[in-house]
Amino acid sequence: MTALRVGTRGSALALAQTRQVADSLAKASGLDVELVTITTHGDTTTESLSQLGGTGVFTSALRDALLRGEIDVAVHSLKDLPTAEHPDIVLAAVPKRADARDVLCARDGLVLGTLPEGARVGTGSPRRMAQLKSVRADLDVVDIRGNIDTRLGRVFDAVDDDRRLDAIVLAAAGLGRLGRADAATQHLELSDWPTAPGQGALALETRREKDASPEGRALAKALDAVNHATTRANVAAERGVLAGLEAGCAAPLGTTALVEDGLLFLTATVYKPDGSQRLTSSHAASLEGNGQAALLEAAKDASQRVVDELLAAGAAELAPLNGATRGGDAR
């Protein structure tokens, strides 16, 4: 390879986060890096994200380009990545996670508790919809689409009453990567407001077949360098719940995992879509050994116990849990 070709979606957020990855790969490999922009089905459809269905609406086109040899690495938001393993593609690296929290971006510096009764709050995520309703049943939760700037514009710039919103809920990581963190008026803590499996993390995929050339070996070394073992274990635990519950974009599911004091802690909450009920399970798994393998084994153990407990408690009857190969929740 004359240059390392890194595939990305063309949104401002995707380009911003991929440039960060590309710089790290270039530094670690010594190779020149070229960004290749690819349009996905999720970028072009006007359908509500909660109703899209199918598999990997934000990832399939990137994976196709990878398999055709048009790119060498595909960069995804990890919460978009299908949980089912691909026979010809490998998750080669997960860089250190950014802030996994959601944030509220509201007019006049408001927070959830001070929004007026009946305030219009926008999100495209069934999870966030359920969480908003569970906290404030009086809110008018509006299903929205669009990039981050478009969504923020509906709060801070809209003049049309039909489009104006009092607030929106977004991922803190996305705002930070775009330099818009100042738009947040409240950070929603993970202990009360768990987020999508893998939120805030990125996934770097390559072809499963090894490239034995000097450039291929340099890329493999660079991927090892940018991989963050703890992040990879945490998101594996969270996505293990997503897969075990056969949950997808239509499932109001929040998860949080962290490694501390030799244990991997995992909590998952399934919400009834109208926010009126929830089920939560928390488990910890000890790290038996060192390195990535021990971390991933703990992640598998914790996620299986959480899944078993949630299903036994009636999670499948509480919320729509189907389509395990889909990615996580909407933007």
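For the structure itself, consult the block above.
Report follows, based on the coordinates. Source: prediction; values computed, not measured.

### Structural notes on the sheet that holds strand β3 (residues 73–77)
For step 1, the next point in the chain: As summarised here, the arrangement of the five strands in space is β2-β1-β3-β10-β4, forming an open sheet in which the pairing is mixed. Every interior strand has two partners, whereas the edge strands, β2 (33–37) and β4 (89–93), have only one. For this sheet, the mean inter-axis angle between neighbouring strands, taken without regard to orientation, is 35°.
For step 2, the next point in the chain: Pairing of strand β1 (residues 4–8) with β2 involves five bridges; the strand directions are parallel. From the neighbouring strand, Val 6 faces β2, where its bridge partner is Leu 35.
For step 3, the next point in the chain: Strand contacts of helix α1 (residues 12–29): β1, β2, β3 and β10 (202–207), with the helix running at about 155° to β2, the strand carrying the most contacts.

### Describing the pattern of salt bridges
Side-chain pairs of opposite charge can arise where the charged atoms are in close proximity.
For step 1, the next point in the chain: Applying the stated criterion across every chain, the model contains 16 salt bridges.
For step 2, the next point in the chain: The residue Glu 70 makes a salt bridge to Arg 68 at a minimum N-O spacing of 2.7 Å.
For step 3, the next point in the chain: Residue Glu 70 is classed as partly exposed on the basis of its relative accessible area of 38%.
For step 4, the next point in the chain: Between Arg 127 and Asp 102 there is a salt bridge, and its shortest N-O distance comes to 2.9 Å. Of this pair, Arg 127 sits in helix α4 (residues 126–135) while Asp 102 sits in strand β5 (residues 102–106); the two residues are 25 residues apart in sequence, bridging distant segments of the chain.

### Focus on helix α7 (residues 214–226)
Owing to its 3.6 residues per turn, the α-helix aligns residues three or four sequence positions apart on the same side.
For step 1, the next point in the chain: Taking 1.5 Å as the rise per residue, α7 with 13 residues should run 18 Å; its terminal C-alpha atoms sit 19 Å apart, in good agreement.
For step 2, the next point in the chain: Among the residues of α7, Gly 216, Ala 218, Leu 219, Ala 222, Leu 223 and Val 226 are the ones counted as buried. All buried residues of α7 project into a common sector of 160° when viewed along the axis, lining one side. Within α7, the exposed residues directed more than 90 degrees away from the buried face are Pro 214, Arg 217, Lys 221, Asp 224 and Ala 225.
For step 3, the next point in the chain: Those residues of α7 hidden inside the fold are in contact with β1, α1, β3, β4 and β10.

### Regarding unusual backbone geometry
For step 1, the next point in the chain: Within the chain, Asp 108 stands out as a residue other than glycine whose phi angle is a positive 60°.
For step 2, the next point in the chain: The backbone of Asp 261 shows a phi angle near 50°, a positive value even though the residue is not glycine.
For step 3, the next point in the chain: Along the polypeptide, Asp 261 turns up in the loop between β11 (253–260) and β12 (263–271).
For step 4, the next point in the chain: Residue Asp 261 is classed as exposed on the basis of its relative accessible area of 73%.

### A look at the packing of α1 against α7
For step 1, the next point in the chain: Remark: α1 packs on α7, axes separated minimally by 8 Å, with the N-to-C direction vectors making an angle of 120°. If you check the angle between α1 and α7, you find them oblique. Crossing handedness for the pair α1 and α7: right-handed. Between α1 and α7, the contacting residues are Ser 24, Leu 25, Ala 28 and Ser 29 on the first element and Ala 218, Ala 222, Leu 223, Ala 225 and Val 226 on the second.
For step 2, the next point in the chain: Taken together, the residues of the contact of α1 with α7 sort by class into seven nonpolar, two polar and no charged.

### Comments concerning the packing of helix α8 (residues 229–244) against helix α9 (residues 291–312)
For step 1, the next point in the chain: Where α8 contacts α9, the two axes come as close as 8 Å, and the packing angle between them is 25°. Relative to α9, the element α8 is oriented roughly parallel. By crossing handedness, the relation of α8 to α9 is classed as right-handed. Packed against α8, whose contacting residues are Ala 229, Thr 230, Arg 232, Ala 233, Ala 236, Ala 237, Gly 240, Val 241 and Gly 244, the element α9 presents Gln 292, Leu 295, Leu 296, Ala 299, Ser 303, Val 306, Val 307 and Leu 311 at the interface.
For step 2, the next point in the chain: Looking at side-chain class alone, the contact of α8 with α9 contains eleven nonpolar, five polar and one charged residues.

### A look at the side chain of Thr 269
For step 1, the next point in the chain: Mapping Thr 269 onto the fold places it in strand β12.
For step 2, the next point in the chain: The class for Thr 269 is buried, based on a relative accessible area of 5%.
For step 3, the next point in the chain: Polar contacts involving the side chain of Thr 269 include one to the side chain of Thr 280, which spans 2.8 Å.
For step 4, the next point in the chain: Ignoring sequence-local partners within four residues, the contact set of Thr 269 consists of Pro 194, Pro 252, Leu 253, Gly 254, Arg 278, Leu 279 and Thr 280.

### So, the sheet that holds β11
For step 1, the next point in the chain: Read from one edge of the open sheet, three strands run β11-β12-β13, paired in antiparallel fashion. If you trace the sheet from one side to the other, it starts and ends with β11 and β13 (278–286), each paired once. Looking at each pair of strands side by side, their axes are set apart by 10° on average, direction ignored.
For step 2, the next point in the chain: Relative to β12, β11 is paired through eight bridges, and the arrangement is antiparallel. When the sheet's bridge partners are listed, Leu 258 is paired in β12 with Phe 265.
For step 3, the next point in the chain: Most of the contacts of α9 go to β13, to which it runs at about 150°, and overall it touches β11, β12 and β13.

Thresholds, definitions, all that
- Residues numbered from 1 in each chain as written.
- Predicted model: local features only at pLDDT ≥ 70, side-chain atom pairs only at ≥ 80, totals over all residues.
- Heavy atoms only, no water.
- Pairing = 2+ DSSP bridges.
- Helix = DSSP H or I, 4+ residues; strand = E, 2+ residues; numbered from the N terminus.
- Axes fitted to C-alpha atoms, helices over the stretch in contact; angles between N-to-C directions.
- Contact = heavy atoms within 4.5 Å.
- Salt bridge = Lys/Arg side-chain N within 4 Å of Asp/Glu carboxyl O.
- Buried < 20%, exposed > 50% of the residue type's maximum accessible area, 1.4 Å probe, protein only.
- Expected span 1.5 Å × (residues − 1).
- Arc of directions from axis to C-beta.
- Parallel < 35°, antiparallel > 145°, perpendicular 65-115°, else oblique.
- Left-handed = near helix turned anticlockwise from the far one by under 90°.
- Nonpolar A, V, L, I, M, F, W, Y, C, P; charged D, E, K, R; others polar.
- Polar contact = N/O pair within 3.5 Å; in protein donor to acceptor, adjacent residues only side chain to side chain.

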